[in-house]
Amino acid sequence: MAVCSAYTTQSLHSTCSISTPAKTHLGFHQKQVVFYRRSSKRGGSGSSSGPCVITCSAGDSQTVVIGLAADSGCGKSTFMRRLTSVFGGAAEPPKGGNPDSNTLISDMTTVICLDDYHSLDRTGRKEKGVTALDPRANDFDLMYEQVKAIKSGVAVDKPIYNHVTGLLDPPELIKPPKILVIEGLHPMFDERVRDLLDFSIYLDISNEVKFAWKIQRDMAERGHSLESIRASIEARKPDFDAYIDPQKKYADAVIEVLPTQLIPDDNEGKVLRVRLIMKEGVKHFSPVYLFDEGSTISWIPCGRKLTCSYPGIKFHYGPDTYFGNEVSILEMDGQFDRLDELIYVESHLSNISTRFYGEVTQQMLKHADFPGSNNGTGLFQTIVGLKIRDLYEQITSSKTAAPLEATKA
Amino acid sequence: MQVMKPVRAAPDSISEKVEKSVKEVQEACSDDPVSGECVAAWDEVKELSAAASHARDKKKDNDPLENYCKDNPKTDECRTYDNGSIIYIMTSFFVFGDEKFGVVLKLFLSC
């Protein structure tokens, strides 16, 4: 079954040309026919439609779709940058498009922000008295249609929600990537969209940590006070608990960020206790474990072989149930001060899907300036990124295996 | 067909927007602190604060030379010359048990 998709690209000065069929790295023959049209107007501003690229690929070109539920704003979050970095290359906004676009594109991945599916812009929401968290402010039908289209290899014109102006801007073209990440408040809210996801993650920041982070971020801004920051979190809480929080139970992996237990009465939010809650029985996903899978382990790596500074590092691993699902929980409390602490911890973790020894440490060092690089948030985000890469490789290799089996039968 | 959009006298920078939105909250919440209007006003504050912080980060990252060279690597200012290679080694040693010796070596050659 061949799937043909046509997109228009930037205009190139050339005569007609047809390119030869190329074999992609996945082994599928992809016939690419490129038509160039000589511009009939000389030096004019005439908008010739430009060259049309029609790509026909034999076999499935299904995109792997990952859902990420996060409250921190789209595509610019640290998690996204770590995730795209695992696949290689830096993710950037589409070149030549709307400068306020929320989309990030790298070689392998495209990250789209679910805020783009707001049905009400900022003024509309103010009039109706609803927050962005409310499902009434979002067009789930369009979200489902477009994610389904991209997943089956069809490019879509996705609207843009401009966070600066609060308006809905003209749409941008999104071409199906190898990996599509949908990031936002409601990736798992709609059941149809949920079924399209190959893997889903929920980033659960506790209120104390949220408050501490917001203070550090927003206090510099004029107009904000401690009270206004606290009030803004509190005011959103009812909608958050009603619409966003329930998505936790559908997630394949939850990264829970809590205040540390190592320092009594800590309210700075610098040392964190992070729990990676991994659902059991998810296809193509094997949870990370410590020492002995399925058992309960408490581990303090600091001792004779490794010296850590205050407050140290504490690990915990064990099976549990989470909203009625069987899960394994890996927990880290504390922070890394030195490279050898990081590599020591990495060497004792199992099932982290690295390609070579030290890959987690290398990824963490590559982005040492990112927030969370010295604690469990960075560590678990990196590990989840590697698990997603592993999941992607399993899915694509199982697709190449299927046609072979069909010919054998 | 021409569509005329009314132009509001909007504040220029995002910081001013944030400040303005916090003031608007006072009005919206003065009647009823749990009304939809009040909550929507706080949501707007949150959204604008996030946009402001992203704008701050973007401004911090912007090195004009790097941005120019990303798009024009062949211009004189942006050419890089390969007089040798830069080797970046990250090593880490530690001992497993009594015998094993783990070494992590990363060689980074830039061309």
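Residues numbered from 1 in each chain as written. Chains lettered and ligands numbered in written order. Predicted model: local features only at pLDDT ≥ 70, side-chain atom pairs only at ≥ 80, totals over all residues. Heavy atoms only, no water.

Undergrad: If you had to explain the overall build of chain B to someone new, which residues and values would you point to?
TA: A tally of helices and strands in chain B yields 3 helices and 2 strands. Mapped from its N terminus to its C terminus, chain B presents α and β elements in the order α-α-α-β-β. Taken over 111 residues, chain B has a buried fraction of 29%. Here the analysis covers contacts within chain B between residues at least 6 apart in sequence; of these, 25% occur between residues at least 24 apart. When the accessible surface of chain B is summed, it comes to about 8,500 Å², and 55% of that surface belongs to carbon and sulfur atoms. (Helix = DSSP H or I, 4+ residues; strand = E, 2+ residues; numbered from the N terminus. Buried < 20%, exposed > 50% of the residue type's maximum accessible area, 1.4 Å probe, protein only. Contact = heavy atoms within 4.5 Å. Areas by Shrake-Rupley, 256 points an atom, 1.4 Å probe, with all protein chains shown as cover.)

Undergrad: Explain the environment of V65(A) to me, using residue names and the numbers behind them.
TA: All names here are of chain A. With respect to the element layout, V65 can be found in strand β5 (residues 64–69). Taking the C-alpha atoms as reference points, V65 and F199, 134 residues apart in sequence, are found 7.0 Å from one another. When near neighbours in sequence (up to four residues on either side) are disregarded, V65 contacts V147, K151, L180, L196, L197, D198 and F199.

Undergrad: Provide a residue-level description of the state of the cysteines, including the pertinent values.
TA: Following the criterion strictly, the structure yields 2 disulfides over all chains and no others. Between the sulfur of C302(A) and that of C308(A) lies a disulfide, 2.1 Å long from S to S. The sign of the -95 degrees torsion about the S-S bond sets the C302(A)-C308(A) disulfide as left-handed. Disulfide partner of C29(B): C38(B), at an S-S distance of 1.9 Å. (Disulfide = S-S within 2.5 Å.)

Undergrad: Help me get a handle on the sheet that holds strand β12 (residues 253–259) of chain A, residues and values and all.
TA: In a beta sheet, neighbouring strands are held together by backbone hydrogen bonds and run either parallel or antiparallel to one another. Residues and elements named next belong to chain A. As summarised here, the arrangement of the 10 strands in space is β6-β7-β10-β5-β11-β12-β13-β17-β16-β15, forming an open sheet in which the pairing is mixed. The open sheet has two edge strands, β6 (104–105) and β15 (297–299), and neither has a second partner. Where β5 meets strand β10 (residues 179–184), 6 bridges bridge the pair, whose relative direction is parallel. Counterpart to V64 in the pairing with β10 is I179. In this fold helix α5 (residues 207–218) packs onto β11 (199–205), β12 and β13 (272–279), with an angle of close to 70 degrees to the strand it touches most, β12. (Pairing = 2+ DSSP bridges. Axes fitted to C-alpha atoms, helices over the stretch in contact; angles between N-to-C directions.)

Undergrad: An account of the side chain of T361(A) is needed here, citing residue identities and associated values.
TA: With respect to the helices and strands, the residue T361(A) is situated in helix α8 (residues 359–366). There is a polar contact of 2.6 Å between the side chain of T361(A) and the side chain of E346(A). (Polar contact = N/O pair within 3.5 Å; in protein donor to acceptor, adjacent residues only side chain to side chain.)

Undergrad: Can you explain the domain arrangement of chain A? Please cite residues and give values.
TA: Residues and elements named next belong to chain A. Its domain assignment divides chain A into domain 1 (60–202) and domain 2 (251–395). Listed as interface residues are 19 residues of domain 1 and, on the opposing side, 26 residues of domain 2. Both sides of the domain 1 and domain 2 interface together cover about 2,100 Å² of buried area, and 69% of this is carbon and sulfur. Taken as a group, R82, V86 and F199 account for 36% of the area that domain 1 buries against domain 2, more than any other trio of residues on that side. Remark: the boundary between domain 1 and domain 2 carries 0 salt bridges. Applying the counting rule to domain 1 against domain 2 returns 10 residue pairs in polar contact (both at pLDDT 80 or more). Every element with two or more residues in the side of domain 1 that touches domain 2 is listed here: β5, α1 (78–87) and β11. Here the side of domain 1 that touches domain 2 gets 8 residues from one element, more than from any other, and that element is α1. The residue makeup of the side of domain 1 that touches domain 2, split by class, is 12 nonpolar, 3 polar and 4 charged. (Domains from an automatic or database assignment. Buried area = accessible area lost by both parts, 1.4 Å probe. Salt bridge = Lys/Arg side-chain N within 4 Å of Asp/Glu carboxyl O. Nonpolar A, V, L, I, M, F, W, Y, C, P; charged D, E, K, R; others polar.)

Undergrad: Now, about the interface of chain A and chain B: what can you tell me, with residues and values included?
TA: The partner chain B presents 37 residues to the 41 residues of chain A that form the contact. Linking chain A to chain B there are 6 salt bridges. Of the charged contacts in the structure, one is a salt bridge between R122(A) and E47(B), with a shortest N-O distance of 3.0 Å. Across the contact surface, chain A and chain B share 9 residue pairs in polar contact (both at pLDDT 80 or more). When residues of the side of chain A that touches chain B are traced back to their parent elements, those giving at least two are α2 (122–128), α5, α6 (226–244), α7 (339–348) and α8 of chain A. Of the residues that constitute the side of chain A that touches chain B, the class distribution is 12 nonpolar, 14 polar and 15 charged.

Undergrad: Lay out the packing of aromatic side chains with the relevant residues and their values.
TA: All names here are of chain A. Under the counting rule described, the total for this entry stands at 6 aromatic pairs over all chains. Seen from their ring centres, W299 and F315 are 5.4 Å apart, and the 40 degrees between their planes marks the pair as tilted. Here W299 is found in strand β15, whereas its partner F315 is found in strand β16 (residues 313–322), with 16 residues between them in sequence. With a relative accessible area of 1%, F315 lands in the buried category. Aromatic pair W299 and Y344: ring centres 6.4 Å apart, planes at 25 degrees, arrangement stacked. Remark: Y344 occurs in helix α7 and W299 occurs in strand β15; sequence separation between them is 45 residues. Take W299: its relative accessible area is 16%, and that puts it in the buried class. Classification of Y344 by relative accessible area gives buried; the value is 10%. (Phe/Tyr/Trp six-rings, centres within 6.5 Å; stacked < 30°, edge-to-face > 60°.)

Undergrad: Pulling in residues and values, what's your account of the pairing of strand β7 (residues 109–113) of chain A?
TA: Residue and element names in this part refer to chain A. Most of β7 is tucked away: 5 of the 5 residues are buried. With burial as the criterion, each face of β7 is covered, one bearing T109, V111 and C113 and the other bearing T110 and I112. The pairing of β6 with β7 spans 2 bridges and is antiparallel. Across the sheet, residue I105 finds its bridge partner in β7, namely T110. Adjacent in sequence and paired antiparallel, β6 and β7 are bridged by 3 residues. Judged from the 5 bridges that link them, β7 and β10 form a sheet pairing that is parallel. Note that in β10 the partner of V111 across the bridge is V181.

Undergrad: Can you explain the pattern of salt bridges? Please cite residues and give values.
TA: Throughout the structure, instances matching the rule amount to 28 salt bridges over all chains. E268(A) is the partner of K270(A) in a salt bridge, and the nearest nitrogen-oxygen pair spans 3.7 Å. Its salt-bridge partner being R338(A), residue D340(A) comes within 3.1 Å of it at the nearest N-O pair. According to the relative accessible area criterion, R338(A) is partly exposed, its value standing at 34%. Among the charged side chains, a salt-bridge network with shared partners connects D71(A), K210(A), R236(A), D43(B) and K46(B).

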